[in-house]
Every structure is written in C-alpha cells, then in structure tokens.
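# Survey of secondary and tertiary structure
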Amino acid sequence: MVEERGIVRLPSVKNKSVFGAAAGVMILLLNGFVTSCLWLSFRSMRFVKNSSFRLLLVLMVMTLIFIVRSHQSVSNPSWEQPTMGTLCHITLSGSIPKSELAALRKKIDAALVNVNRRMSTWQADTEISKFNAFQSLEPFPVSPEFATVVRRALELSAATDGAFDPTVKKLVDHWGFGPESDGDSVEEILKAVGWRKVSLRGDALLKSHPGVQLDLSAIAKGYGADAVADVIRRRGRMSFIVEIGGEIVADGWKPNGQAWRVGIETPDPAQPFGADILESVMLSGRALATSGDYRNFRVREDGTRFSHIIDPHTGMPAATDVASVSVLAGSCMDADAIATALFVMGSEKSFQWLETHSEIEAFFTLHMPDQTLSTRATDGFPLNEREN
Ligand code: ADP
Ligand code: MG
C-alpha cells in the first residue's frame, strides 16, 4: 500500500528547461504564423469583392487566433477553490496548455462538488443527510462513491477498535460541532452510536438502529484530496500537490525540481494557519493528514478547552495527551481517518497500534504534565530527510 521509502530521484532540471525552451520556440513560430496570416488576410481584403469570402477569411483568422491562444501554456499553475467548508489548494509542476488547464480545473471542480453533494452533513439535500433522516431498518441505496467511503470507514473503525467511528454524528452535534442538536443526553445518544450498527449490502446501507446517523468529516477531506489527485494523474500530470484543509497528497517533484516538502505546524491556537512550522516532511507518492485539538475546539466556563474529536466509546470529547498527530499513509482517506483514531487513542495506545501497522508512520506533538509540548514519531517517519 505504501510506496518505497526515501527520497524521490529527480529528473534533471536541465531536461525540463530544454522541453520548456522547445515549447517556447513552437509558440513563437505559431504566433509568427498567425500574425502573417492576419497581415496577409487584411491586405487581401481590399481585393476581395465577394463579401461571403471576406467573412470566411475573417472566420479562418479568428479560428487560428483561438487555436494559438488555447495552446499558450501556463507554468506551474497554482490555485485554490472552496470546498467542504475549507479550501482546496492545488499546484502542478511544469507547463500546461491553457485549454488543458481549464479542462482539468473543470474536472477537479466537478469531483469536489460531487464529494460535497454526497458527504456534507451541513446541507439537507446531500446523500449523507438523506441517509441520516431515513429512520428505517430497510436497505438505503447509495452511490458507489458513497459506498466506497463508508466501506473504508467501517474497515478503519474495525482496525482501530472503534476509535475512529463514522456514527458519531449526534455526539458531534451534542458537543456543539455539528449542524444541529436535539438536546438528548450523551447516554441516550450512545444507544444509536457504534460502527457495528451500520452495514453495507452491495451498494445499499443498513441500519440496525433507526436513529443511527453518519458523520464522514474525519475521512471525507482525505477522500476528496485522493479524488483530486486521481483526476490530475488520469490527465497525465505526475508532479503535483493537493491539499484540503491540511490533508495533503503529493507526487513527483516541485517546480524547482526538488521534492515536495510540507510543514507540520506547532499546535498552538494563537498562531494563524501555517505561521509556526515545527517540522517539515518530504512527501511524494504518499499522503499526510493531521488531527489536532488546536484549530477546532470550544472553551468551557472554567476556561478549559475541548476538541471536536469525540471518543466514540464514552461519548465525550477526546482528552488524551495528544495535541496533534500527523499520519503518513498510502491514501489520504486512510491518513485522515487514522489521524483521528490516533488522536482518540492517545500516544501510548497509538504506539502499540503502530507497531502492528508498519505501513503507517506518525508524528505526535504531546501535552506534557508540566504544560509543555514534546514530540515523538515512529522510526520511519521521514523527518529532516535531506535531498541528494
Ligand atoms: P479535521 O476535520 O480538523 O481535519 P478530523 O479529520 O480529525 O479533523 O475530523 C474531525 C471531525 O470528524 C469532527 O469535526 C467530527 O465531525 C468527526 N469526528 C469526531 N470524532 C470522530 C471520531 N472519533 N471518529 C470519526 N469521526 C469523528
Ligand atoms: Mg481525520
């Protein structure tokens, strides 16, 4: 599942600039050709008496201009677009024709809209909201994409002994992090919580308690990042970085020919996003996702914080020694869900779990009893790896 460790061998930057120069010369030649056509056609206009022939000439010239414009390239395009209540940032390495970029952006947009339309609990007309409102034990048919995410979510629930659990929706609402709340007690809510209370029969979902509701927020951003990466790869682009709300997939190399390097933040709520980088990790062919208690939390009357990550066994906000955990995995969907699970488990249980899951690497920032933070990582976590 996980790609070869270590630093990616980079193709020579010189080769890339030779290709860049060749593309530049081609565009110049094409531009010259069109300018000549324009000049010739306007000169010949005076001699063209037939008005339909004149129109035809103008149309031909306009088509040529269109072809040249659409073949103009953009270097290392980078953009962002809103999705899932956050932003998706995308950067591609290399030059890409404008028309190809426009088509790619359209596809990515469609992929993200698709994920939102299926997995957002904040809108009533999404697939997940309809399933949540369906208070029945009858099979509920879902799309193949939705079934894929739920299937993986249930597998990861089993693998983490329920530390990750997609049925926490009502608990998330109860603690003030969801779209609604019905005032039920935690004890009452727990009766309809538990990943074993949902199952898949083909592409239909089954509840074993009519009140079961799903929340895929801890896996959907990772799934979305994987989906965007797939769109990019299918279009033949192999060097890119995609990030949705801190969950990242990277492949290939940066525009300057070096490996992608991503930062892990100091888990400090006072710092703006990305302002204080604790460590950096080289990332290629894998995904990195982070869960923490420092971005999305509430403050009790006594001033103590509680996080949006819930321990599904107790129904209470998870309160372990973990301030943040960053997980490296083969897919962003897995990294996302596992980061949430390790946050719930706490460091001791997490390291026991990681011993039997050698394909996963993790980096923790931990709350120490003396109020300081310390860090701990699995041996294979690629901290401070140098490029050569
Ligand atoms: P972030 O959304 O900040 O990336 P996570 O990936 O850890 O953080 O997802 C946390 C969200 O997932 C919560 O806001 C909540 O909607 C949901 N959630 C909370 N606790 C759990 C849990 N134990 N298992 C699965 N989902 C959870
Ligand atoms: Mg997560």
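Procedures and definitions
- Residues numbered from 1 in each chain as written.
- Chains lettered and ligands numbered in written order.
- Predicted model: local features only at pLDDT ≥ 70, side-chain atom pairs only at ≥ 80, totals over all residues.
- Pairing = 2+ DSSP bridges.
- Helix = DSSP H or I, 4+ residues; strand = E, 2+ residues; numbered from the N terminus.
- Axes fitted to C-alpha atoms, helices over the stretch in contact; angles between N-to-C directions.
- Contact = placed C-beta atoms within 7 Å.
- Expected span 1.5 Å × (residues − 1).
- Buried ≥ 20, exposed ≤ 12 C-beta atoms within 10 Å, placed from the backbone.
- Arc of directions from axis to C-beta.
- Near = placed C-beta within 6 Å.
- Nonpolar A, V, L, I, M, F, W, Y, C, P; charged D, E, K, R; others polar.
- Domains from an automatic or database assignment.
- Core = buried A, V, L, I, M, F, W, Y, C linked by C-beta atoms within 7 Å.
- pLDDT = per-residue confidence, 0-100.

## Some words on the sheet that holds strand β7 (residues 204–207)
Pairing within the open sheet is antiparallel, and its three strands lie in the order β5-β7-β6. Of all the strands in the sheet, the pair left with one neighbour each is β5 (140–141) and β6 (198–201). For β6 and β7, the ladder comprises four bridges, and the chain directions are antiparallel. Its bridge partner lying in β7, Val198 is registered against Lys207.

## Digging into the pairing of strand β3 (residues 86–92)
As paired elements, strand β2 (residues 78–83) and β3 share six bridges and run antiparallel to each other. Looking across to β3, one finds that Thr83 is bridged to Thr86. Judged from the five bridges that link them, β3 and strand β8 (residues 240–244) form a sheet pairing that is antiparallel. In the sheet register, Cys88 faces β8, and the bridge partner there is Ile244.

## A short note on the sheet that holds β8
Strand order in the open sheet formed by eight strands is β2-β3-β8-β9-β12-β17-β18-β19, with antiparallel pairing between adjacent strands. Either end of the sheet is taken by a strand with one partner, and the two such strands are β2 and β19 (373–377). Each adjacent strand pair in this sheet contributes to an overall mean axis angle of 10°, direction not counted. As paired elements, β8 and strand β9 (residues 247–251) share five bridges and run antiparallel to each other. Considered in β9, the bridge of Val242 is made with Val249. Against the sheet, helix α3 (residues 98–119) contacts β2 and β3, and its axis sits at roughly 25° relative to β2. Here helix α10 (residues 347–355) sits on the sheet in contact with β17 (322–329), β18 (361–367) and β19, set at roughly 170° to β18.

## Observations concerning α3
Given a rise of 1.5 Å per residue, 22 residues ought to cover 32 Å, and the 31 Å separating the end C-alpha atoms of α3 matches this to within 8%. When α3 is considered as a whole, its buried residues turn out to be Ile108, Ala111, Leu112, Val115, Arg118 and Met119. An end-on view of α3 places all buried positions within 135° of arc, on one side of the element. Relative to its buried face, α3 has exposed residues pointing more than 90 degrees away, namely Ala103, Lys106, Ala110 and Val113. The elements touched by buried residues of α3 are β2, β3, α4 (127–133), α5 (144–159) and α8 (217–234).

## Observations regarding the environment of Asp215
Relative to the assigned elements, Asp215 resides in the loop between β7 and α8. Given 25 C-beta atoms within a 10 Å radius, Asp215 is considered buried. In the structure, Asp215 is positioned 46 residues away from Lys169 in sequence and 4.7 Å away in space, judged by C-alpha atoms. Excluding anything up to four places from it in sequence, Asp215 contacts Thr121, Pro166, Val168, Lys169 and Val172.

## Notes on the site of ligand 1
Around ligand 1 sit 23 residues, and of these Ser217, Ala218, Ser291, His308 and Thr340 come closest. Listed by contribution, the elements that provide at least two residues to the shell around ligand 1 are α8 and α9 (332–345). Ranked by residues supplied to the shell around ligand 1, first place goes to α9 with four residues. Per-class residue counts for the shell around ligand 1 are 11 nonpolar, seven polar and five charged. If you count residues domain by domain, the shell around ligand 1 takes at least three from each of domain 2 (78–97 + 237–377) and domain 3 (119–217).

## What to know about the nonpolar core
Val228, Val242, Val327, Ala335, Ile338, Leu342 and Ala362 are the most contacted members of the largest nonpolar core, which has 84 residues in total. When residues of this core are assigned to their parent elements, the largest contribution, 11 residues, is made by α9. In contact with Ala362, not counting residues within four places along its chain, are Val325, Ser326, Val327, Leu342, Ser350, Leu354, Ala377, Thr378 and Phe381.

## Some details on the confidence of the model for the protein chain
Low-pLDDT stretches of the model should not have their predicted coordinates read in fine detail. Residues at a pLDDT of 70 or more form 84% of the protein chain, whose mean pLDDT is 87. Per-residue pLDDT stays below 50 along residues 1–21; that stretch engages in 26 contacts with residues further than four places along the chain or on separate chains.

## So, α10
Of the positions making up α10, those classed as buried are Ser347, Ser350 and Leu354. Projected onto a plane normal to the axis of α10, the buried residues spread over an arc of 60° and lie on a single side. Opposite the packed face of α10, turned more than 90 degrees from it, sit the exposed residues Glu348, Gln352 and Glu355. Along its buried surface, α10 packs onto β17, α9, β18 and β19.

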